[in-house]
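Fold and contact review
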Amino acid sequence: MVPLPPASPIAPMKDSLRQQFDRLGFRLAELDTILADGSIAADMKRYRALTREQAEVSGLVERYHRYQQHEADLAAAREMLADPEMAEMAREEIASNEAALAALDQELQLALIPKDPDDERNAFLEIRAGTGGDESALFAADLARMYLRFAESQGWRTEILSENVSDLGGYKELVVRVDSNGGDGVYGRLKFESGGHRVQRVPATETQGRIHTSACTVAVMPEPDEAEAITLNPADLRIDTFRASGAGGQHINKTDSAVRVVHLPTGIVAECQDGRSQHSNKAKALQVLQARIQEKERSERAAKEAATRKGLIGSGDRSDRIRTYNFPQGRLTDHRINLTLYKLGQIMDGDLGDIIQGLQAAQAAEQLAELEAGRS
């Protein structure tokens, strides 16, 4: 559950919200009727979609009924205040019901925010060194370690698809597939990481002790759904095979198993060199290519929307400088929400919970404000 800012004193739910929940009650009854008809199971795709909707709507309606019950209990407790013998109990009941109403009100509002259908998907995480030469590549390796440790803490599986190692052991570029392993959606947790990451520290190669500023870019892309993936025209693709470089053992360096795929109309490139099988590497490279093409389309849509509305979290464009890692001060600052944390060591060890939670809460508050503006 994404947290929202602290609730203000309890106020009655707006009529517009009540009407939405009343409509959901009617929809639930409709879904129950449809699913009670055994013939619907013949169309498994529609059946699964309806059962998912039923589960979501049922949970919302149940919470709304609890909200209504607490409202009734609160009204009864306020009436009890007139009886001196019941006044103390009444005050306890009032406090308890007001707290429950405030919590449920936030839950219900949050549940009405339109969900990004990609949030539950696995993701491709791409890190590229930027300005700063070798130091930038070393910082890219630090970011990779940070994300891999965070993924491990979430019980997710990771697989390096492509890596381009620098002379000093950093990464010029790294592409990792992150799989939820049956847990929470990866993309919904990592999507805010897309953008420019700046580091301020004394590089290992600096002999005078001077602080340098370097940068990396991160892109997080949802893994395309196989059933909904765009169809790539083979005529639009150039597929090259080459001998893998970097880590991978003796076998991988003796065969042309690595695959690079170029989408000629857009110039977008993807490669995979991690596996021993050329066929497997080609399939993975095509997956990354599709994700990059879809991400390009997503970014273009976001840019058009940003022209009319400035989002708090931003478009996730890699040119956006989203975060600064200041090592001398042990400080991390996320510029989108003015969040500053003085625990950089823990963060670089994968402790991203506070950052992700803050970004999710900020986006939820922004979306709620937009919904309220639309209702008024």
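Bear in mind the structure is a predicted one, so any value in this text is a computation, not a measurement. (Residues numbered from 1 in each chain as written. Predicted model: local features only at pLDDT ≥ 70, side-chain atom pairs only at ≥ 80, totals over all residues. Heavy atoms only, no water.)

**Examining the side chain of Glu271**
- Here Glu271 lies in strand E8 (residues 268–272).
- A distance of 3.4 Å separates polar atoms of two side chains, one belonging to Glu271 and the other to Ser162.
- Within the local environment of Glu271, its side chain forms a polar contact with the side chain of Arg260, the two groups lying 3.1 Å apart.
- Setting aside residues no more than four positions away along its own chain, Glu271 makes contact with Leu161, Ser162, Phe242, Val259, Arg260 and Ala285. (Helix = DSSP H or I, 4+ residues; strand = E, 2+ residues; numbered from the N terminus. Polar contact = N/O pair within 3.5 Å; in protein donor to acceptor, adjacent residues only side chain to side chain. Contact = heavy atoms within 4.5 Å.)

**Some details on the pairing of strand E5 (residues 212–222)**
- Bridge count for strand E1 (residues 123–129) against E5 is seven bridges, and the pairing is antiparallel. Looking at the pairing, Ala129 lines up with Cys216 of E5.
- Taken together, the seven bridges between strand E4 (residues 195–201) and E5 define a ladder with antiparallel strand orientation. Of the residues in E5, the one forming a bridge with Arg201 is His212. (Pairing = 2+ DSSP bridges.)

**Some thoughts on helix H1 (residues 15–36)**
- Here H1 spans 32 Å end to end across 22 residues, near enough to the 32 Å set by a 1.5 Å rise per residue.
- Along H1, the positions that sit buried rather than exposed are Leu17, Arg18, Phe21, Leu24, Leu28, Leu31 and Leu35. Take H1 and look down its axis: the buried residues cluster within an arc of 130°, on one side only. The exposed set on the far side of H1, more than 90 degrees from its buried face, consists of Asp15, Arg23, Phe26 and Thr33. (Expected span 1.5 Å × (residues − 1). Buried < 20%, exposed > 50% of the residue type's maximum accessible area, 1.4 Å probe, protein only. Arc of directions from axis to C-beta.)

**Section: the pattern of salt bridges**
- One pass over the structure, following the stated rule, counts 27 salt bridges.
- For Asp349, the salt bridge identified is with Arg145, shortest N-O distance 2.9 Å. Here Arg145 lies in helix H4 (residues 133–153) and Asp349 lies in the loop between helix H8 (344–348) and helix H9 (353–375), a separation of 204 residues in the sequence.
- Owing to a relative accessible area of 38%, Asp349 belongs among the partly exposed residues under this scheme.
- A salt bridge links Lys343 to Asp354, with the nearest nitrogen and oxygen atoms 2.8 Å apart. (Salt bridge = Lys/Arg side-chain N within 4 Å of Asp/Glu carboxyl O.)

**Thoughts on the pairing of E4**
- Burial analysis of E4 places six of its seven residues in the buried class, the great majority of the element.
- Alignment of E4 against strand E9 (residues 321–326), held across five bridges, turns out to be parallel. Residue Gly196 lies in a different strand from E9, and its bridge partner there is Arg321.

**Quick look at the sheet that holds strand E3 (residues 171–179)**
- If you trace the eight strands from one edge of the open sheet to the other, you get E2-E3-E1-E5-E4-E9-E10-E11, paired in mixed fashion. Each edge of the open sheet is held by one strand with a lone partner, namely strand E2 (157–165) and strand E11 (339–341). Averaged over all pairs of adjacent strands, the angle between strand axes in this sheet comes to 15°, irrespective of strand direction.
- Judged from the four bridges that link them, E9 and strand E10 (residues 331–334) form a sheet pairing that is antiparallel. Residue pairing in the sheet places Arg323 in a bridge with Asp334 of E10. (Axes fitted to C-alpha atoms, helices over the stretch in contact; angles between N-to-C directions.)

**With respect to a negative patch on the surface**
- On the surface, Asp73, Glu88, Glu92 and Glu93 cluster together into a negatively charged patch.
- It is helix H3 (residues 87–111) that contributes the most residues to the negative patch, three residues altogether.
- For Glu88, a relative accessible area of 55% translates into the label exposed. (Patch = residues over 30% accessible without salt bridge, like charges linked within 9 Å, V, L, I, M, F, W, Y side chains within 5 Å. Areas by Shrake-Rupley, 256 points an atom, 1.4 Å probe, with all protein chains shown as cover. Lys, Arg positive; Asp, Glu negative; His and termini not counted. Charge placed at Lys NZ, Arg CZ, Asp CG, Glu CD.)

**Digging into the confidence of the model for the protein chain**
- When pLDDT is averaged along the protein chain, the result is 84, and 86% of the positions lie at 70 or above.
- Note on residues 4–9: pLDDT under 50 across the span, and eleven contacts to partners over four residues away in sequence or across chains.
- In the model, residues 247–254 has pLDDT below 50 throughout and makes 13 contacts with residues more than four positions away in sequence or in other chains. (pLDDT = per-residue confidence, 0-100.)

**A few points about the environment of Tyr147**
- Mapped onto the elements, Tyr147 comes out in helix H4.
- The buried category is assigned to Tyr147, whose relative accessible area is 4%.
- For the pair Tyr147 and Met348, spaced 201 residues apart in sequence, the C-alpha separation works out to 8.4 Å.
- In contact with Tyr147, other than residues within four places in its own chain, are Leu125, Ile127, Glu193, His197, Val218, Arg323 and Leu352.
- At 2.6 Å, the side chain of Tyr147 and the side chain of Glu193 are in polar contact.

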